[in-house]
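Spelled out, the chains give:
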Amino acid sequence: MKRWTQSFWDWIEERTGISRVVRGLLTEYYVPANLNVWYTMGSILLVCFVIQIITGILLLVYYVPQTSKAFESVKFITSTVPFGWFIRRMHAMTANLFVFVLFLHMLSTLFMGSYKKPREVQWITGLLLFALVLVEALSGYLLPWSQLSYWATTVATNSVGSIPLIGEKLVVWLRGTPKVSQYTLGRFFAMHVSFIPFTILVVIGIHLLFMRLTGISAPPGTDKSKVPKVPFYPHMVMKDLASIFVFLAVLMLLIFHYPQFAFPHDALIPANPLETPLHIKPEWYFLANYQTLKLVPNEFLGILVQLLAGLFLFFLPFIDRSPERRPLKRPLFTTLATLGVLAYIALAIWGHFS
Amino acid sequence: MTRRGFLQKLIGVITGLSGLGFLGTVIGYLAPRREKGGRKILLSGDGSPIPAEKLKEVPYLVGLGIDGEPTIVVRYEGEMRAFSAVCTHLGCLVKWLPNKGEFFCPCHAGRFDANGVNIAGPPPSPLRRYRVYVTKDGLLGLEEIPT
Ligand code: HEM
Ligand code: FES
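All of the points below concern the structure found in this document. (Residues numbered from 1 in each chain as written. Chains lettered and ligands numbered in written order. Predicted model: local features only at pLDDT ≥ 70, side-chain atom pairs only at ≥ 80, totals over all residues. Heavy atoms only, no water.)

### A look at the overall build of chain B
Helix and strand counts for chain B stand at 1 helix and 9 strands. For 147 residues, the compact-globule estimate of 2.2 N^0.38 gives 15 Å, and the C-alpha radius of gyration of chain B, at 25 Å, exceeds that figure by more than 25%. Expressed as lengths along the three principal axes of its C-alpha atoms, the size of chain B is roughly 85 × 40 × 25 Å. Burial statistics for chain B: of 147 residues in total, 36% are counted as buried. In chain B, once contacts between residues fewer than 6 apart in sequence are set aside, the share between residues at least 24 apart is 37%. The distance from the centre of the 19 positive side-chain charges to the centre of the 13 negative ones in chain B is 13 Å. (Helix = DSSP H or I, 4+ residues; strand = E, 2+ residues; numbered from the N terminus. Rg over C-alpha atoms; globule rule 2.2 N^0.38 Å. Buried < 20%, exposed > 50% of the residue type's maximum accessible area, 1.4 Å probe, protein only. Contact = heavy atoms within 4.5 Å. Lys, Arg positive; Asp, Glu negative; His and termini not counted. Charge placed at Lys NZ, Arg CZ, Asp CG, Glu CD.)

### Some details on the interface of chain A and chain B
Each partner contributes residues to the interface: chain A has 24 residues there, and chain B has 24 residues. Across the chain A to chain B interface the summed buried area is about 2,000 Å²; carbon plus sulfur atoms make up 66%. Inspection of the chain A/chain B interface yields 1 salt bridge. Between Lys179 of chain A and Glu69 of chain B there is a salt bridge, with the nearest N and O atoms lying 3.0 Å from each other. Counting only elements with at least two residues in the side of chain A that touches chain B, the list comes to helix H7 (147–159), helix H8 (167–175), helix H9 (182–214) and helix H11 (287–295) of chain A. (Buried area = accessible area lost by both parts, 1.4 Å probe. Salt bridge = Lys/Arg side-chain N within 4 Å of Asp/Glu carboxyl O.)

### Observations regarding the site of ligand 1
Residues and elements named next belong to chain A. The local shell around ligand 1 holds 23 residues, among which Arg88, His91, Glu136, Pro144 and His192 are the closest. Arg88 is positioned such that a nitrogen or oxygen atom in its side chain is 2.7 Å from an oxygen atom of ligand 1. A distance of 2.7 Å is found between a nitrogen atom of ligand 1 and a side-chain nitrogen or oxygen belonging to His192. For the shell around ligand 1, the secondary structure elements donating two or more residues are helix H3 (41–62), helix H5 (84–111), helix H6 (120–142) and H9. The biggest single contributor to the shell around ligand 1 is H3, with 7 residues. Grouping the amino acids of the shell around ligand 1 by side-chain chemistry returns 16 nonpolar, 5 polar and 2 charged. (Near = heavy atom within 4 Å. Polar contact = N/O pair within 3.5 Å; in protein donor to acceptor, adjacent residues only side chain to side chain. Nonpolar A, V, L, I, M, F, W, Y, C, P; charged D, E, K, R; others polar.)

### Focus on the packing of H5 of chain A against helix H10 (residues 232–257) of chain A
All names here are of chain A. The geometry of H5 relative to H10 is characterised by a closest axis approach of 9 Å and an angle of 125° between their N-to-C directions. Taken as axis vectors, H5 and H10 run oblique relative to one another. Seen from above, H5 lies across H10 with right-handed handedness. In contact with Trp85, Phe86, Arg89, Met90, Met93, Thr94, Leu97 and Val101 of H5, H10 contributes Phe247, Val250, Leu251, Met252, Leu254, Ile255 and Phe256. Of the residues belonging to the contact of H5 with H10, the class tally is 13 nonpolar, 1 polar and 1 charged. (Axes fitted to C-alpha atoms, helices over the stretch in contact; angles between N-to-C directions. Parallel < 35°, antiparallel > 145°, perpendicular 65-115°, else oblique. Left-handed = near helix turned anticlockwise from the far one by under 90°.)

### Describing a nonpolar patch on the surface
On the surface, Trp173 of chain A together with Val13, Leu17, Leu20, Phe22, Leu23, Val26, Ile27, Tyr29 and Leu30 of chain B cluster together to form a nonpolar patch covering roughly 1,000 Å² of accessible area. It is helix H1 (residues 3–30) of chain B that contributes the most residues to the nonpolar patch, 9 residues altogether. As for its position among the elements, Phe22 of chain B is in helix H1. (Patch = residues over 30% accessible without salt bridge, like charges linked within 9 Å, V, L, I, M, F, W, Y side chains within 5 Å. Areas by Shrake-Rupley, 256 points an atom, 1.4 Å probe, with all protein chains shown as cover.)

### Remarks on the sheet that holds strand S3 (residues 79–84) of chain B
All names here are of chain B. Strand order in the open sheet made by the 5 strands is S1-S2-S3-S8-S9, with antiparallel pairing throughout. The sheet is open, and its two edges are formed by strand S1 (60–64) and strand S9 (140–144), each paired on a single side. Between one strand and the next, the sheet's axes are offset by a mean angle of 30°, whatever the strand orientation. The pairing of strand S8 (residues 129–134) with S9 spans 5 bridges and is antiparallel. Residue pairing for S9: Val134 is matched across the bridge by Leu140. (Pairing = 2+ DSSP bridges.)

### Points about the state of the cysteines
Residue and element names in this part refer to chain B. The full count for this structure, using the stated rule, is 1 disulfide over all chains. At a sulfur-sulfur separation of 1.9 Å, the disulfide partner of Cys92 is Cys107. Classification of the bridge connecting Cys92 and Cys107 rests on its S-S torsion, roughly -85°, and on that basis the disulfide is left-handed. Of this pair, Cys92 sits in the loop between S3 and strand S4 (95–97) while Cys107 is found in the loop between strand S5 (102–105) and strand S6 (110–112), placing the two residues 15 residues apart along the sequence. (Disulfide = S-S within 2.5 Å.)

### Details of the side chain of Thr157 of chain A
Residues and elements named next belong to chain A. Assignment of secondary structure puts Thr157 in helix H7. Its relative accessible area of 4% is what places Thr157 among the buried residues. A polar contact of 2.6 Å, which involves the side chain of Thr157, links it to the backbone oxygen of Thr153. Side-chain polar atoms of Thr157 contact the backbone oxygen of Thr154, separated by 3.2 Å. When near neighbours in sequence (up to four residues on either side) are disregarded, Thr157 contacts Val171, Leu174, Arg175, Val180 and Phe188.

Here's what the structure looks like:
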């Protein structure tokens, strides 16, 4: 007798011919056999997104988006709900690693020149995803309504105010009131748990659709038409899984041994709108922006510099149009990009210690 | 114009107009709220008034002032002074250092003198000042100073 799963499959197959689609997506989708470890970052990012959705929905079961209750509800999750501490740490820690792996993914495609024609759309949707995840992390940061949440959000939303003419108005629009309040929590909550995740989902769809349409690049210096090909499933899936499990190991290490990395002291005190704690610092991934704002004497100039850097990255595929992808064969680009990355890291470290 | 061209235009106009109409509603729905008016006395975080007596025990008080503005009242050279506690840089709340006679902002180390004038660090302008007095019920009354 056939297994019932097989009969079920046959039943669907008979009506739809679905196996053709599955083959096209997995076993008869061929990729270059020489894809390196950097090509597995995308699968880690998908795992991050799925983890955030699942843990996020679980947090929603007990979380209350109300200023007088939010902190208590989060405390209840961590101290009373079975495994609540684990779910919360997983959500907060994955948020950090999500941004970190996004950096790796962006830098690898940058140095391998994968943003070049015909893959401009992947680069641009990728940048958009990066921005969306940052906004997602920023809006989630407010939800626990701790001292850290409250004051980090106050400073972050205020820095928008240095845009000339509309800045001040925009700050109030972002917050829903002149000061961070229940109205801010309401907006950020709605953005965090629905609007931005849905948008991210759609952009991921476009990103992957274009990847399939243009085909994945072969590593620089190799000719895609000449390298041997392997089926995506099981060969590439195996490579992806190897990276995913290394990632999960790091995630668990951080969750169990370094939770204070995601929860510094001020995250454990409820928000007090009448007292700013000492040493309020943004998350590590905003430190470079924060330090730039502090360094440039005119606030608007500080924002402008960052805006220009962002726009430059956005238009990079149209500025750098030579087909050469090998890093050593494009010394000017590689030198500038390396200096840029070093400057970014230096700014972040400076921001941390200043 | 062909029949097809006309229909295409019509679809564009109809969906465009409905979209615009809905957008207006959404903008109105999301419009920020302003908490105006209220009593012009210093309130604590839970909304209860702060007695002026309290300022004899501590060097300074922070409470909610006019329009809910976080407001700092200090004792300095025998008089009371009130300022908006909101740092003019990025909105953290300043603390009063009684020994130095200065306000200090913990976020980026901005400093203001006893008149609220920015003297060091990133803040671009002085703290807003209020007139402060003891009301007949012994509370701290605040008044805007016209600029
Ligand atoms: C897509 C990527 C996401 C990122 C990067 C992210 C990031 C964050 C961060 C940084 C926090 C603050 C963590 C803390 O201090 O506890 C947070 C809290 C929260 N997030 Fe997310 N999140 C994501 C997706 C989601 C989704 C999809 C949902 C629900 C559908 C969700 C629901 C929540 C809830 C309820 C909280 C408050 C509970 C708490 O603070 O522990 N998140 N998120
Ligand atoms: S917010 Fe006060 S110095 Fe920056």
